[in-house]
Amino acid sequence: MKFLHDGIGAFLRLATVTAFIFVGHLLLSGTALSATYGQQVVAGVLMGEAEGEGIKGMYAVAEVIKKRCELKQLSPLAIVKEPKQFSCLNNITPPQLIRKHWRKKSWSQALFIARILYNHPQKLTNYTKGATHYATFIPYWAKNKKPTIIIGRHIFWDLKRI
């Protein structure tokens, strides 16, 4: 009987440790459990706008969001929710955007970048050299303007007037 009791105790201890490790992994791996709503929306925007450009493209979009935050004195969430500024949010709500992307492989990378943008914006990369705008074509507002960089299909400009 003592053997059975010790076996159950060991099993319960192992189950508790396993559950703790699993929850800890979830919290550290970039799941929605450890992210604010704003961080999740920004991560969705990073994926919706630049998932195809990889991590460098997502960092570049985060830099544009950061620059607009600085110029307008708004939060990243307020910036991405501005009408017609981020095409991935045209005709879709932020919660729908999150649901669209959160199970994808690169979600944890996008969420990691969003957390940096929110918590340590000074640690973001500077691939775009202060760009405030980007597009996959040359729009009317960028005619005769020199791009700061091109990353994949995205062209970035520092226009300051936003």
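Look up a bit, the structure's there.
Note that the structure is a prediction, hence the values are computed from the model and not measured.

Undergrad: Is there a simple way to explain the nonpolar core in this structure?
TA: In globular proteins that are soluble, nonpolar side chains generally tend to be buried together. Val45, Leu46, Ile65, Val80, Phe86 and Phe156 are the most contacted members of the largest nonpolar core, which has 37 residues in total. Broken down by secondary-structure element, the contributors of at least two residues to this core are α2 (37-50), α3 (54-72), α4 (76-80), α5 (94-101), α6 (107-119) and β2 (149-151). A per-element tally of this core places α3 first, with eight residues. In this structure, phenylalanine 156 is in contact with Ala60, Val61, Val64, Thr128, Ala131, His133, Tyr134, Pro147, Thr148, Ile149 and Ile151, ignoring residues within four places of it in sequence. Ranked by size, the runner-up nonpolar core spans five residues in total, among them Ala135, Ala142, Ile155 and Trp157.

Undergrad: Sorry, what's going on with the packing of aromatic side chains here?
TA: The geometry of an aromatic ring pair is captured by the separation of the ring centres together with the interplanar angle, meaning the angle of the planes. Applying the stated rule across the entire model yields three aromatic pairs. Arranged with centres 6.4 Å apart and planes meeting at 50°, the rings of phenylalanine 86 and tyrosine 134 form a pair that is tilted. On the criterion of sequence distance, the pair formed by phenylalanine 86 in the loop between α4 and α5 and tyrosine 134 in strand β1 (residues 133-135) is long-range, its members being 48 residues apart. When sorted by exposure, phenylalanine 86 lands in the same class as tyrosine 134, which is buried. Within the aromatic cluster, the residues linked to one another by ring pairs are Phe86, Tyr134 and Phe156. Against the face of tyrosine 127 rests lysine 56, its NZ or CZ located 4.9 Å from the ring centre.

Undergrad: Help me understand α5, please; the structure alone is not making it clear to me.
TA: Count 3.6 residues to each turn of an α-helix, and residues three or four apart come out pointing the same way. Of the positions making up α5, those classed as buried are Pro94, Leu97, Ile98 and His101. For α5, the angular spread of buried residues about the axis comes to 100°, placing them on one side. Across from the buried face of α5, at angles greater than 90 degrees, the exposed residues are Arg99 and Lys100. Buried residues belonging to α5 abut α2 and α6.

Undergrad: How should the environment of threonine 93 be read in this particular structure?
TA: Within the secondary structure, threonine 93 sits in the loop between α4 and α5. Considering only alpha carbons, one finds threonine 93 and lysine 81, twelve residues apart in sequence, at a separation of 9.3 Å.

Undergrad: Where do I start with the sheet that holds β1 in this structure?
TA: Pairing between the strands of a sheet comes from backbone hydrogen bonds, and it takes one of two forms, parallel or antiparallel. The strand order β1-β3-β2 describes an open sheet built from three strands, whose pairing is antiparallel. Where the open sheet ends on each side, the last strands, each with one partner, are β1 and β2. Averaged over all pairs of adjacent strands, the angle between strand axes in this sheet comes to 25°, irrespective of strand direction. Where β2 lies against strand β3 (residues 154-157), three bridges are found, and the strand directions are antiparallel. Looking at β3, one finds that isoleucine 149 is bridged to phenylalanine 156.

Rules used in this analysis
- Residues numbered from 1 in each chain as written.
- Predicted model: local features only at pLDDT ≥ 70, side-chain atom pairs only at ≥ 80, totals over all residues.
- Heavy atoms only, no water.
- Core = buried A, V, L, I, M, F, W, Y, C linked by side-chain atoms within 4.5 Å.
- Buried < 20%, exposed > 50% of the residue type's maximum accessible area, 1.4 Å probe, protein only.
- Helix = DSSP H or I, 4+ residues; strand = E, 2+ residues; numbered from the N terminus.
- Contact = heavy atoms within 4.5 Å.
- Phe/Tyr/Trp six-rings, centres within 6.5 Å; stacked < 30°, edge-to-face > 60°.
- Lys NZ or Arg CZ within 6 Å of the ring centre and 35° of its normal.
- Arc of directions from axis to C-beta.
- Pairing = 2+ DSSP bridges.
- Axes fitted to C-alpha atoms, helices over the stretch in contact; angles between N-to-C directions.

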